[in-house]
Amino acid sequence: MKFSLFYPVATGSPSQQLGTGLLGLDRDLYRQTLAELLEQAICADETGWTSFMMAEHHFEVEGYQVTPNPLLLNVHLAAHTKRLRHGQMGLVLPNWNPLRLAEDIAVADHLTGGRLDIGLSRGYQPRSVGVLGQHLNVSVAGGPDEGRNRRVFEEWFEVMRRSWAEDLWSYRGEFIDVPPSGLAWPHPVSARLGAGVHAGEVRQVATVPKPSQLPHPPLFTTLTQSPATLEWAARVGSSIVTLASDNDMLRGLFQRYVEVAAEHGRDFKVGEWRPDGGVAICRMLAVADTYEGAWKSAEQSMAFMGEWLGEFGFFEAWRLPGQEGPVPRTLEQLVKSGMMLVGTPDSVGEQVQTLRRELGVDYIVFVACAGAVDHQRMLDTIQLFGENVIPAV
């Protein structure tokens, strides 16, 4: 099995500070956050974790998720680790120019020594997408213009795919033309070398460099239960990472991925993950030498999970069978739904083995509420799980 850590990167450590002010503005807290993040990444590297992933979020002056450019953090942390992979959950494509993002990913892939994973997201926070994607007039996933968001996302990925996989190419789309018509480039060297220039005009482009990994880093489509997104991911060779905790729903999602992938010439087993696609589940994790210590770590995580993330509707994914009314934003709800694994290494290991046995799942991504959970508690969770659970499975 493979296990990754997914970091919101809050700047509120110790956890009691979150919600008390505009902590994202505090330079000293951010420096402390980076130092703790590095120590935790090194710990994960040394204890057998697969990868270290971060979300992309903007303008979070409240301090809950200060990660405007996870690629920069990927490169920084990779320089201090040896085998750990680095990625995102995920890069919000409508926030970017797809050509620039494809180039940045390719450079980061080389700088990480080919240890880069790519998370792809449509975006769920209107403050971020509404500001950075305003020129596209695009709303968030599930927003008032769901179709436009999806069309931008899929077109941006196609531009990125061509940037990585093809040499000289051109593209005409709904939102972007590459290159635009009539772009003059009368340089004689370009004409002589056949660099996509004809009659003094740019007819094709080639983004450089190409990624270190062929044809590109492994792709993850993040935190989705959407049938349309699942089918797109299975078609293009991206893994899906789902927050769903109901086993029957998960089996249905996994089976549908297998069916769609087969339609496009890729054979997967139910629950399988490979670099060219598959499925992964997302859970939360708190491990300590005692159950009481693990529960304390889990309680600290609620400053992020309940008070912040809960406002975006995530707890609906953890509704219990037959549960009516608003889903309680409580730690007890997370544990009962199976979203949160809490306990000693032995008990958490048994929970992981149960997930593997019942779902056949190869890959689990664990939310690591760094900045909400105290630094030493995070190190305990990473080290105890890495040294005791990972070797056992």
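Coordinates for the structure precede this section.
The following refers to the structure shown. (Residues numbered from 1 in each chain as written. Predicted model: local features only at pLDDT ≥ 70, side-chain atom pairs only at ≥ 80, totals over all residues. Heavy atoms only, no water.)

**A closer look at the overall build of the protein**
- The number of helices and strands found in the protein is 12 helices and 15 strands.
- Expected size for 393 residues packed as a compact globule is a radius of gyration near 21 Å; at 21 Å, the protein falls within 12% of this value.
- Across the 393 residues that make up the protein, the buried fraction comes to 56%.
- Sequence-distant contacts in the protein: of pairs separated by 6 or more residues, those separated by 24 or more amount to 71%.
- In the structure as shown, the protein presents an accessible area of about 16300 Å², 53% of it carried by carbon and sulfur atoms.
- Charged side chains in the protein number 33 positive and 46 negative. The centres of these two groups are separated by 5 Å. (Helix = DSSP H or I, 4+ residues; strand = E, 2+ residues; numbered from the N terminus. Rg over C-alpha atoms; globule rule 2.2 N^0.38 Å. Buried < 20%, exposed > 50% of the residue type's maximum accessible area, 1.4 Å probe, protein only. Contact = heavy atoms within 4.5 Å. Areas by Shrake-Rupley, 256 points an atom, 1.4 Å probe, with all protein chains shown as cover. Lys, Arg positive; Asp, Glu negative; His and termini not counted. Charge placed at Lys NZ, Arg CZ, Asp CG, Glu CD.)

**Side note on the layout of surface pockets**
- Here the largest pocket is characterised by a volume of approximately 770 Å³.
- For the largest pocket, the lining is made up of 41 residues, of which Tyr124, Thr222, Leu223, Leu243 and Phe314 are closest to its centre.
- Those elements that place two or more of their residues in the lining of the largest pocket are strand 5 (118–121), helix 4 (126–132) and helix 9 (291–305). (1 Å grid on protein atoms, 1.4 Å probe; cavity = no way out; pocket = protein on both sides within 12 Å on 5 of 7 lines; lining within 4 Å. Points joined across faces, edges and corners; volume = space filled by probe spheres on them.)

**Focus on the side chain of Thr50**
- Position of Thr50 among the secondary structure elements: in the loop between helix 1 (27–46) and strand 2 (51–54).
- Apart from the residues lying within four places of it in its own chain, the contact partners of Thr50 are Lys2, Phe3, Ser4, Arg83, Leu84, Arg85 and Tyr363.

**Some points on the pattern of salt bridges**
- Enumeration according to the criterion identifies 20 salt bridges in this entry.
- The partner of Glu174 in a salt bridge is Arg151, with the nearest N and O atoms 2.9 Å apart. In this pair, Glu174 is assigned in the loop between strand 6 (171–172) and strand 7 (177–178) and Arg151 in helix 5 (residues 146–165), connecting sequence segments 23 residues apart.
- According to the relative accessible area criterion, Glu174 is partly exposed, its value standing at 48%.
- The partly exposed category is assigned to Arg151, whose relative accessible area is 38%.
- Residues Asp248 and Arg251 are paired through a salt bridge, measuring 3.0 Å at the closest nitrogen-oxygen approach. Taken together, the positions of Asp248 and Arg251, both in helix 8 (residues 247–263) and three residues apart, correspond to about one turn of that helix.
- Here Asp248 falls in the exposed class, since its relative accessible area comes to 58%.
- By relative accessible area, Arg251 is classed as partly exposed at 35%. (Salt bridge = Lys/Arg side-chain N within 4 Å of Asp/Glu carboxyl O.)

**Observations concerning the environment of Asn149**
- Mapped onto the elements, Asn149 comes out in helix 5.
- Under the relative-accessibility criterion, Asn149 is labelled buried at 0%.
- Each C-alpha atom, one on Asn149 and one on Val129, is 9.9 Å from the other, the two residues being 20 residues apart in sequence.
- In this structure Asn149 touches Pro94, Arg122, Val138, Ser139, Val140 and Ala141, once residues within four positions along its chain are discounted.

**Observations regarding the nonpolar core**
- Core analysis: the biggest nonpolar cluster contains 122 residues, and Tyr7, Trp49, Val352 and Phe385 have the highest contact counts within it.
- No other element matches the eight residues that strand 13 (residues 277–287) contributes to this core.
- In contact with Tyr7, other than residues within four places in its own chain, are Leu37, Gln40, Phe52, Met53, Met54, Ala55, Ala368, Ala370, Met378 and Ile382. (Core = buried A, V, L, I, M, F, W, Y, C linked by side-chain atoms within 4.5 Å.)

**Description of empty space enclosed by the protein**
- For the structure shown, the criterion picks out three cavities of 30 Å³ or more.
- One number sums up the size of the largest cavity: a volume of about 110 Å³.
- Lining the largest cavity we find 16 residues, and of these Leu285, Val367, Ala368, Cys369 and Met378 sit closest to its centre.
- Looking at the lining of the largest cavity, the elements that each hand over two or more residues are strand 13, helix 9, strand 15 (363–367) and helix 12 (375–392).

**Describing the packing of aromatic side chains**
- Evaluated as defined, the whole model comprises 19 aromatic pairs.
- Both rings, one in Trp156 and one in Phe175, keep their centres 6.3 Å apart while their planes meet at 85 degrees; by these two values the pair is edge-to-face. Here Trp156 is found in helix 5, whereas its partner Phe175 is found in the loop between strand 6 and strand 7, with 19 residues between them in sequence.
- The exposure class of Trp156 is buried, given its relative accessible area of 4%.
- Given the relative accessible area of 18%, Phe175 is considered buried.
- Between the aromatic rings of Tyr257 and Phe268, the centroid separation amounts to 5.7 Å while the plane-to-plane angle is 85 degrees, which identifies the pairing as edge-to-face. Of this pair, Tyr257 sits in helix 8 while Phe268 sits in the loop between helix 8 and strand 12 (273–274), and the two are 11 residues apart along the sequence. Comparing Tyr257 with Phe268, the two get one shared label, buried.
- Members of the aromatic cluster, joined through ring pairs, are Tyr64, Tyr124, Trp308, Phe312 and Phe314. (Phe/Tyr/Trp six-rings, centres within 6.5 Å; stacked < 30°, edge-to-face > 60°.)

These results come straight from atomic positions and should not be treated as a statement about function.
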